[in-house]
Amino acid sequence: MSDYFPADLLSEILVKLPVKTLIRFTAVSKSWRSIITSAAFIASHLSNNSENQTLLLTRHGKHCKLDQFSLLKASENGNFGINSSSEIEIPFEFPIDYSRIVGSCDGLVCLSNDMFFRNPSIPSIIIWNPSVRNHIVLPNPTINPIESHNVVLGFGGLSSNVYKVVRLVYVRKIDDVGCLSVPPQVEIFSLDARRSWRRLIGGVDVTLWALKSMHCRAYVNGVVHWLAYKPFDENQPRRCSILAFDFDNEVFGEVMPPDELAKEASVSLGIFVIEDSLVIVGSNMVSWNVWMMKEYCVRESWTKLYTIDLLEEITNFVWFWNSGEALLTIRDLGLVVYNPETKETKDPGIYGDPYSFFVDNYVESLVLVRGHG
Amino acid sequence: MAAETGTPTTLTLKSNDDELFSVAESAAILSVTIRNMVEDGCAGGVIPLDNVDGKTLASVITYMNGISAIPADEEKKKSYRDKFLSDKDFETLADMVLAANYLNMSCLMDAVSAKIAQVMEKKSVGWVRRKFGIENDYTPEEEAAVKEEHKWTFEGVETDDDN
């Protein structure tokens, strides 16, 4: 067999190879390089790979502020289980410690380091593909009000295959520092040929304050969701809601949370995704409840999956497995896996600063491979 | 068809090097190409398979018989496929993937291409060029540049033994 091996058959074999091997094989010949780096091949490799569920874990060590990234191969049956874990090398130096993940989509990981402080002259956002070991540093954003402000970011992309970062800038009200002005100013970065920020002028009808912390964001089917608050006014108390941004159409919307959580005295601690459905964890001051929106955007479809029955104080929710098992942190104990059926916790064997744990879905992909486009 | 009439129907397949093979119709129709011929009524005499040699066809028929003897149990079928492919060398696998493609047998096609990928995973660039009969059209400078750019992907590569 030689030259007569048809190109479509060759692609059928190559899509089954890991990214590292494929990049090595770009050295086989110019035609192999052009097959492997073509947009069509990258897309079919991605869809062929998307069933292999891998989790991206980030954390800091207890005494080390540097971020550590690990890939965890999850067990296939949807229950908690880690088959293997490997550390990822970070190929760049990020100016400030405590970077955080803005989002992960198709093998691209968007990181930002403006959690606490941002120096406008230092780049603060990168898009990184750990599998191909390539990253790009985004140009500086253009909306930088001199007033004190709050920045909320989202990352994603869907059918257009253009990955985008959306940046919401809420200026604090001068008369009341606890209050943010709505609507926020919005700009979008697209990972296309122009690679620049542009202002989103029309369609920003946002009256919600999106929360910026890591577990207050969930990405599903091309839409990023942030836990959010409806700002108080004289007649209405502050209430919890969900702000959504559709990357394809570049429009915002509101997804109503379960009625119980939309009330005044509720606290929401996180928003997650289980099998393409939004999941929200909230407290009614008595117990923590896990809710799932069984039908997307149908308010009535919110279903209480379970109530967490633990005596210890929960400080953070980190991840949910398809089985409903939760990865959460407990004060003085660190990270545990909670099984809602047995109501028991177990030690997943993952250690670090308890406030630093963050988990997102990850898939190996060739997106952003050097020499492409 | 065979199962309905109670009399097993046998088909005769002919390879491109003129070997003849008898195979139960119920097994042979795993190939969409053969099934279409049967349904069109062109399977009365000998079915010529111009793109498959005798050695490969014998192997494919072993697979057809083996897999169709297993009841609808994906786990068992998968372990049969794994075992069937475990001792095949690269050349045999390559011939089989071409045959599976021509015969339009998607389950065999998927299994063989996955097996080939598994064999290739840690192989060198030189091995791939030899096995796939690919001419290196890079200049030495270009090749060195590509290799230098992706140096880390050359770690952990098996030394070539040509197996």
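Residues numbered from 1 in each chain as written. Chains lettered and ligands numbered in written order. Predicted model: local features only at pLDDT ≥ 70, side-chain atom pairs only at ≥ 80, totals over all residues. Heavy atoms only, no water.

Chain B is annotated in an unreviewed UniProt entry as SKP1-like protein from Erythranthe guttata. What UniProt states about chain B under its Function (unreviewed entry) heading is, verbatim, "Involved in ubiquitination and subsequent proteasomal degradation of target proteins. Together with CUL1, RBX1 and a F-box protein, it forms a SCF E3 ubiquitin ligase complex. The functional specificity of this complex depends on the type of F-box protein. In the SCF complex, it serves as an adapter that links the F-box protein to CUL1." UniProt, in its Subunit (unreviewed entry) section for chain B, records the words "Part of a SCF (SKP1-cullin-F-box) protein ligase complex." (UniProt positions renumbered as here; feature names shortened; annotations may be inferred.)

Looking at an unreviewed UniProt entry, one finds chain A named F-box domain-containing protein, with Erythranthe guttata as its source organism.

## So, the packing of aromatic side chains
Scanning the entire structure with this criterion turns up 16 aromatic pairs over all chains. Between A:Tyr306 and A:Tyr338, the aromatic rings sit 6.2 Å apart at their centres with planes inclined by 35°, giving tilted as the arrangement. Within this pair, whereas A:Tyr306 is found in strand E20 (residues 302–308), its partner A:Tyr338 is found in strand E23 (residues 334–339), the two being separated by 32 residues in sequence. One exposure class covers both A:Tyr306 and A:Tyr338, and it is buried. Note on B:Phe90 and B:Trp127: the rings are 5.1 Å apart at their centroids and 75° apart in plane angle, and the pair reads as edge-to-face. Pair noted here: B:Phe90 is in helix H6 (residues 90–103) and B:Trp127 is in helix H8 (residues 125–132), with a separation of 37 residues, a long-range link. (Phe/Tyr/Trp six-rings, centres within 6.5 Å; stacked < 30°, edge-to-face > 60°. Helix = DSSP H or I, 4+ residues; strand = E, 2+ residues; numbered from the N terminus. Buried < 20%, exposed > 50% of the residue type's maximum accessible area, 1.4 Å probe, protein only.)

## Considerations on the sheet that holds strand E19 (residues 288–293) of chain A
All names here are of chain A. Spatially, E17-E18-E19-E20 is the arrangement adopted by the 4 strands of the open sheet, whose pairing is antiparallel. Single-partner strands in this sheet number two, and they are strand E17 (267–274) and E20. Adjacent strand axes in the sheet meet at a mean angle of 25° when their direction is disregarded. As judged from the 7 bridges shared by E17 and strand E18 (residues 277–283), these two strands associate in the antiparallel manner. Directly across from Ser268, in E18, lies its bridge partner Gly282. (Pairing = 2+ DSSP bridges. Axes fitted to C-alpha atoms, helices over the stretch in contact; angles between N-to-C directions.)

## Quick notes on helix H1 (residues 7–14) of chain A
Within H1(A) the residues assigned to the buried category are A:Leu9, A:Leu10, A:Ile13 and A:Leu14. Each buried residue of H1(A) sits inside an arc of 135° when the element is viewed along its axis, so together they form one side. Packing partners of the buried residues in H1(A) comprise helix H2 (19–24), helix H3 (30–36) and helix H4 (39–49) of chain A together with H6, helix H7 (106–120) and H8 of chain B. (Arc of directions from axis to C-beta. Contact = heavy atoms within 4.5 Å.)

## Focus on the environment of A:Gly157
Residues and elements named next belong to chain A. Inspection of the secondary structure puts Gly157 in the loop between strand E8 (149–156) and strand E9 (164–171). Residue classification places Gly157 among the buried positions, given a relative accessible area of 3%. Apart from the residues lying within four places of it in its own chain, the contact partners of Gly157 are Cys105, Val162, Tyr163, Tyr219 and Phe247.

## Focus: the interface of chain A and chain B
With 31 residues of chain A at the contact, the number on the chain B side is 38 residues. Our enumeration of links across chain A and chain B arrives at 1 salt bridge. Linking B:Glu142 and A:Lys30 is a salt bridge whose minimum nitrogen-to-oxygen distance equals 3.3 Å. At the surface where chain A touches chain B, the tally comes to 11 residue pairs in polar contact (both at pLDDT 80 or more). Secondary structure elements with two or more residues in the side of chain A that touches chain B: H1, H2 and H3 of chain A. Ranked by residues supplied to the side of chain A that touches chain B, first place goes to H1(A) with 5 residues. By residue class, the composition of the side of chain A that touches chain B is 16 nonpolar, 6 polar and 9 charged. (Salt bridge = Lys/Arg side-chain N within 4 Å of Asp/Glu carboxyl O. Polar contact = N/O pair within 3.5 Å; in protein donor to acceptor, adjacent residues only side chain to side chain. Nonpolar A, V, L, I, M, F, W, Y, C, P; charged D, E, K, R; others polar.)

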